[in-house]
Amino acid sequence: MTADAPTGVGATALAVAGFRALESERADRLFEDPFAADFVAAIGGTVALEPKWVGLAHHVSIRTRFFDDQLLEAAEAGCRQVVLLAAGLDTRALRLAWPDGTTVFELDLPDVLAFKERVLAGRPPRCDRRTVVADLREDWPAALVAAGLRVDEPIAWLAEGILVYLTGDEVERLIGALRGVSPMGSRLALAHSLRNTRGVWRSTLTEEPVGWLARHGWHGVAHDTVGLSERYGRRVPGSGPSHAVLASAVRAQEPTG
Ligand SMILES: C[S@@+](CC[C@H](N)C(=O)[O-])C[C@H]1O[C@@H](n2cnc3c(N)ncnc32)[C@H](O)[C@@H]1O
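Residues numbered from 1 in each chain as written. Predicted model: local features only at pLDDT ≥ 70, side-chain atom pairs only at ≥ 80, totals over all residues. Heavy atoms only, no water.

The name an unreviewed UniProt entry gives the chain is S-adenosyl-L-methionine-dependent methyltransferase, with Solihabitans fulvus as the organism. Here the chain is described in UniProt, under the heading Function (unreviewed entry), as follows: "Exhibits S-adenosyl-L-methionine-dependent methyltransferase activity." Under the UniProt heading Sequence similarities (unreviewed entry), the entry covering the chain gives this text: "Belongs to the UPF0677 family." (UniProt positions renumbered as here; feature names shortened; annotations may be inferred.)

Here you go:
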């Protein structure tokens, strides 16, 4: 492994990149991420799927496709600012066809972004791409504003693969902060889990997802990966219920008076 590969929670971004590389090799792929394999190669790794990761790889493929669609829809609807919270090795800024005038902010911890920049060096983005080093447990909105985010214009937020790595209190603070910096017309897409199926996760969603979003100022729709798998024509590996929640929401009108 090279010296500057992300470690700790940052290493989870590499695992996700590996799953995206595998999906991109499929004839029936749900998306194509031509850069994902480069991250794996940069640490001297190879792309292979152990049987114990089949379910998680499926989840990553479904959620990637779902959020690709959600973000492009939000951009077409007028959100020309897109914020990828805990962007990891997400390459949407380079691979999606953004409308003219779109800025994509990628926020993550320093080691992940340093590694990402080294691997992506010389690859042109398809938007105004800005990386923002910040910790989601601290004053991350200030870091985004310093990088040029305008909180008086609609924003499309994505929280993919991050909420389970924050405690319940940290998730509440994060979604509370989002309300304060999201004007009407903003959108929010997120993934969370209703059950802790992995030892490393720090929280689950303990409320019904649509009600939880409403309580925080968002009018949302929640999906599970089983329904989305059907939508995309992809067989669900294994059996049993899906505990993942994939939600999309628009900023709700604040009550007046
Ligand atoms: C599983 S990866 C998901 C990355 C990306 N959203 C995706 O789906 O490809 C989790 C990411 O969360 C980032 N992360 C974890 N805790 C964080 C924090 N407190 N502040 C900012 N980023 C954090 C990690 O560095 C890592 O890149």
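That covers the picture; the talk isn't over yet.
*Asks:* Help me understand the pattern of salt bridges in this model?
*Replies:* Oppositely charged side chains can pair when the atoms bearing their charge come close. Taken as a whole, this structure holds 23 salt bridges when the rule is applied. Residues Arg 129 and Glu 117 are paired through a salt bridge, measuring 2.7 Å at the closest nitrogen-oxygen approach. Of this pair, Arg 129 sits in strand 3 (residues 128-133) while Glu 117 is found in helix 5 (residues 110-120), placing the two residues 12 residues apart along the sequence. Note that Glu 207 is salt-bridged to Arg 215, the shortest N-O span being 2.5 Å. Taking the relative accessible area as the measure of exposure, Arg 215 reaches 42% and is therefore partly exposed. Here the residues in one salt-bridge network are Arg 20, Arg 63, Asp 68, Asp 90, Arg 92, Arg 95 and Glu 160, joined through shared partners. (Salt bridge = Lys/Arg side-chain N within 4 Å of Asp/Glu carboxyl O. Helix = DSSP H or I, 4+ residues; strand = E, 2+ residues; numbered from the N terminus. Buried < 20%, exposed > 50% of the residue type's maximum accessible area, 1.4 Å probe, protein only.)

*Asks:* It is not clear to me how the sheet that holds strand 6 (residues 218-223) should be interpreted in this structure. Could you clarify?
*Replies:* In space, the seven strands of this open sheet follow the order 3-2-1-4-5-7-6, with mixed pairing throughout. Both edges of this open sheet fall to strand 3 and strand 6, since each of them pairs with a single strand only. Recorded for the sheet is a direction-independent mean angle of 20 degrees between the axes of neighbouring strands. Relative to strand 2 (residues 103-108), strand 1 (residues 81-85) is paired through five bridges, and the arrangement is parallel. Pairing of Leu 85 across the sheet is with Leu 107, part of strand 2. This element, helix 3 (residues 54-76), spans strand 1, strand 4 (155-159), strand 5 (187-193), strand 6 and strand 7 (244-251) of the sheet and lies at about 5 degrees to strand 7. Here helix 7 (residues 168-180) sits on the sheet in contact with strand 1, strand 4, strand 5, strand 6 and strand 7, set at roughly 170 degrees to strand 5. (Pairing = 2+ DSSP bridges. Axes fitted to C-alpha atoms, helices over the stretch in contact; angles between N-to-C directions. Contact = heavy atoms within 4.5 Å.)

*Asks:* How should the site of the ligand be read in this particular structure?
*Replies:* What surrounds the ligand is a group of 21 residues, the closest being Arg 20, Ala 86, Asp 108, Asp 135 and Glu 160. The side chain of Arg 63 places a nitrogen or oxygen atom 2.9 Å from an oxygen atom of the ligand. Surface burial for the ligand is 97%, taken as the share of its 600 Å² of free accessible area covered by protein chains. For the shell around the ligand, the element with the highest residue contribution is helix 1 (residues 11-25), accounting for four residues. Broken down by class, the residue content of the shell around the ligand amounts to 11 nonpolar, four polar and six charged. (Near = heavy atom within 4 Å. Polar contact = N/O pair within 3.5 Å; in protein donor to acceptor, adjacent residues only side chain to side chain. Areas by Shrake-Rupley, 256 points an atom, 1.4 Å probe, with all protein chains shown as cover. Nonpolar A, V, L, I, M, F, W, Y, C, P; charged D, E, K, R; others polar.)

*Asks:* Can you help me understand the environment of Ala 134 in this one?
*Replies:* As for its position among the elements, Ala 134 is in the loop between strand 3 and helix 6 (140-146). For Ala 134 and Glu 106, which are 28 residues apart along the polypeptide, the C-alpha to C-alpha distance reads 9.8 Å. Leave out the neighbours within four places in its chain, and Ala 134 touches Leu 107, Asp 108, Leu 109, Trp 140 and Ala 143.

*Asks:* Looking at this model, I keep getting lost on helix 1. Mind explaining?
*Replies:* Every α-helix winds through 3.6 residues per turn, so residues three or four apart in the chain are directed the same way. Counted at 1.5 Å a residue, the expected span for helix 1 with its 15 residues is 21 Å, and the 22 Å between its end C-alpha atoms agrees. Most of helix 1 is tucked away, with 11 of its 15 residues classed as buried. What helix 1 keeps buried is the set Ala 13, Leu 14, Val 16, Ala 17, Gly 18, Phe 19, Arg 20, Ala 21, Leu 22, Glu 23 and Ser 24. Contacts made by the buried residues of helix 1 are with helix 2 (36-42), helix 3 and helix 5. (Expected span 1.5 Å × (residues − 1).)

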